[in-house]
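Per-entry structural report
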Amino acid sequence: MLCAMAEILSIQHERVDDIPVIIGVANRLGLADILNRHLGTHGLQQGLHNGQLAVGWLGYILSQADHRKSAVRDWANGLSQTLQHLVGQPIRTVDFSDDRLGVLLRRLSDDAAWEALEQELWVASVTVYDLPLTGVRLDGTTSSGYHQLRPDGLMQHGHSKDHRPDLPQLKLMAAAAEPTGQLLASDIVPGQSTDDPLYTPLIRRVRTLLGQSGLLYSGDCKMAALATRADLVANGDYYLTALPLTGETAHEFDGWVNAIVDGEQMGTLIWDGNKLIAAGYEFERPQTATASDAQGTAQTVSWTERVLITRSLALAQAQEAHLEQRLHRATEALYALTPAPGKGKRQIRQEALLHQAIQQTLERYRVQDLLTVEWEQDTTTVTRYQGRGRPGAKRATTTEVRVRYVIRKVQRHEAAITAHRHRLGWRAQVTNVRPEQLSLAQAVIRYRGGWVLERDFHLVKDLPLGLSPLFVWKDDQIKGLTRLLTLALRLLTLIETQVRQGLHQEHQRLAGLYAGQARRETDHPSGKRILQAFARAQITLTRIAVDAQIEWHITALSELHEQVLRYLRLPVTLYATLINNSS
């Protein structure tokens, strides 16, 4: 009698989700090789080189929304077949250990290696994806953490842009290409550093990185230092920046605004397509300052600068809403100065004290000339019996006169409020670009495009990157991890811009990116939503082993997924090849 042998069945799953997309884009850039060329790998290090290690970690950061080192090893070991195919080398259990990731961060903290790396990465990005470059946007942000302060440390107390002045922070200065927002270069400095002196070194590095001059550099009022503008002029570049309301500008600004509000200066309406966005005028003035040219030689530079006085309607509306809020709060605070008599209700019994309290309240809400306050004296007579005993006709009494002041009316000074409204929303900008190259309207629209870098900062500080807070403690680890997250930002930005560009070229809209809204369409998908569309599909690589026979299966891609892959210039067989190379 023959007995059938029992079959041994083994099934293993790997949730690949969006990891092939992330690492696929990195591979198109040759990111692993670029990283390894500049970071190097120890001669005795076995397994993955540092470039492959970094690319794998970037896949973890963007797919898991987590930059902690401690969880990467288990994640990588659970995706060994997928990562082996994507990075091109078998994954050992120790490759993504905490120690190896720490060494990678230490190498990323080297400034010279990082600057060379950023330059080659930009060249690769332009070569592969033909990124447009119409100008450079510069700005800075901060990132805080629960770190101990050290006198010479990177994490320091400073002006917090995260509204956490209690936490130490670092400062990240960045330059991004317009109009895509693709990061060009970044500098990391201690958190107490002021922004103004950080612009010129970064601009010079970007100029070297791009290998060209004659570009327009844009930034907010912290870029408006005269030395920064002079340096740009001396090196044949252009600037567009807002003037801070300090120094000489603070004395002249009201006159510039009054000139157009009072009708002495004719204004121009500024349209963005069919939408009215601003109004204003411009004038020219001479400037002279000392700067260094491309060879580092100090020289005196003279040029003609355009001053653009414009009123943003959106800014004016926001400031008007804030003004109404201040007026309302000031009115409530004024009435609260003289409450009705009662337990615990302190009364003001001297007119001088009332007048002082009213002025302090008006100044606190910055409405000194916009509200009129009327008050009156309220007198109360109180009769009291003297001594002990029952009240009687012959009992001695004393009469006490109590005085309190009461605010009866808080009136709005409508004429003054209207005049104040007319002066809201104004800003002064300066540029050295000639009007025939950049008109007043074009300058306003161009400056409004500053959201590209602000959005980059939101992306790098929020999930999936989550720069704040940082979960490393040594300065070299902090700097290295921050730089690694800027590389993740570059990949996320590329995914977003390339999909948007593809949709624009084909006049298409994507549906299926919004959870629970299958029919909702968009032609401006975010990189985060694009990756989430792959993650929600729960794309799984399955290994089925029956005795000695092994079969692989992977979840089929939808039409949405294949469309995204085409826009990213990745093969639609990207996921299917995980099967072919794992057999």
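Residues numbered from 1 in each chain as written. Predicted model: local features only at pLDDT ≥ 70, side-chain atom pairs only at ≥ 80, totals over all residues. Heavy atoms only, no water.

What about the confidence of the model for the protein?
The share of residues in the protein with pLDDT of 70 or more is 98%, and the mean pLDDT across the chain is 90. With pLDDT under 50 throughout, residues 1-5 is counted as low confidence; its partners more than four residues away or in other chains account for 0 contacts. (pLDDT = per-residue confidence, 0-100. Contact = heavy atoms within 4.5 Å.)

Let's talk about the packing of aromatic side chains
Under the definition given, this model contains 4 aromatic pairs. Positioned over the ring face of Y447 is R137, at 5.4 Å from the centre of the ring. Positioned above the aromatic ring of Y514, the side-chain terminus of R520 is 3.9 Å from the ring centre. (Phe/Tyr/Trp six-rings, centres within 6.5 Å; stacked < 30°, edge-to-face > 60°. Lys NZ or Arg CZ within 6 Å of the ring centre and 35° of its normal.)

Brief notes about a nonpolar patch on the surface
On the surface, L9, I11 and I544 cluster together into a nonpolar patch covering about 270 Å² of accessible area. Along the polypeptide, I11 turns up in strand β1 (residues 9-15). (Patch = residues over 30% accessible without salt bridge, like charges linked within 9 Å, V, L, I, M, F, W, Y side chains within 5 Å. Areas by Shrake-Rupley, 256 points an atom, 1.4 Å probe, with all protein chains shown as cover. Salt bridge = Lys/Arg side-chain N within 4 Å of Asp/Glu carboxyl O. Helix = DSSP H or I, 4+ residues; strand = E, 2+ residues; numbered from the N terminus.)

Considering the nonpolar core
W57, L484 and Y575 are the most contacted members of the largest nonpolar core, which has 133 residues in total. A total of 13 residues in this core trace back to one element, the largest contributor, which is helix α16 (residues 475-506). If near-sequence neighbours (up to four positions away) are discounted, L484 is found in contact with A54, W57, L58, I61, L105 and L108. Core analysis: the next-biggest nonpolar cluster, separate from the first, contains 21 residues, L334, L337, I348 and V373 among them. (Core = buried A, V, L, I, M, F, W, Y, C linked by side-chain atoms within 4.5 Å. Buried < 20%, exposed > 50% of the residue type's maximum accessible area, 1.4 Å probe, protein only.)

Quick notes on helix α3 (residues 50-64)
In this model, α3 (15 residues) spans 21 Å end to end at C-alpha, consistent with the 21 Å of a helix rising 1.5 Å per residue. When you tally the buried positions in α3, you get 14 out of 15 residues, the bulk of the element. Phi turns positive, to about 55°, at A65, one or two residues after α3. (Expected span 1.5 Å × (residues − 1).)

Let's talk about the sheet that holds strand β6 (residues 238-242)
Backbone hydrogen bonds hold the strands of a sheet together, and the pairing may be parallel or antiparallel. On the basis of which strands lie adjacent, the open sheet formed by 9 strands has the order β4-β3-β2-β5-β6-β12-β9-β8-β7 and mixed pairing. Whereas interior strands pair on both sides, the edge strands pair on one side only; in this sheet they are β4 (183-190) and β7 (268-272). Neighbouring strand axes in the sheet, compared pairwise and without regard to direction, differ in orientation by 30° on average. The sheet contacts of helix α11 (residues 313-335) involve β8 (275-292), β9 (298-312) and β12 (426-431), and relative to β9 the element is tilted by about 65°. The sheet contacts of α16 involve β3 (169-178) and β4, and relative to β4 the element is tilted by about 160°. (Pairing = 2+ DSSP bridges. Axes fitted to C-alpha atoms, helices over the stretch in contact; angles between N-to-C directions.)

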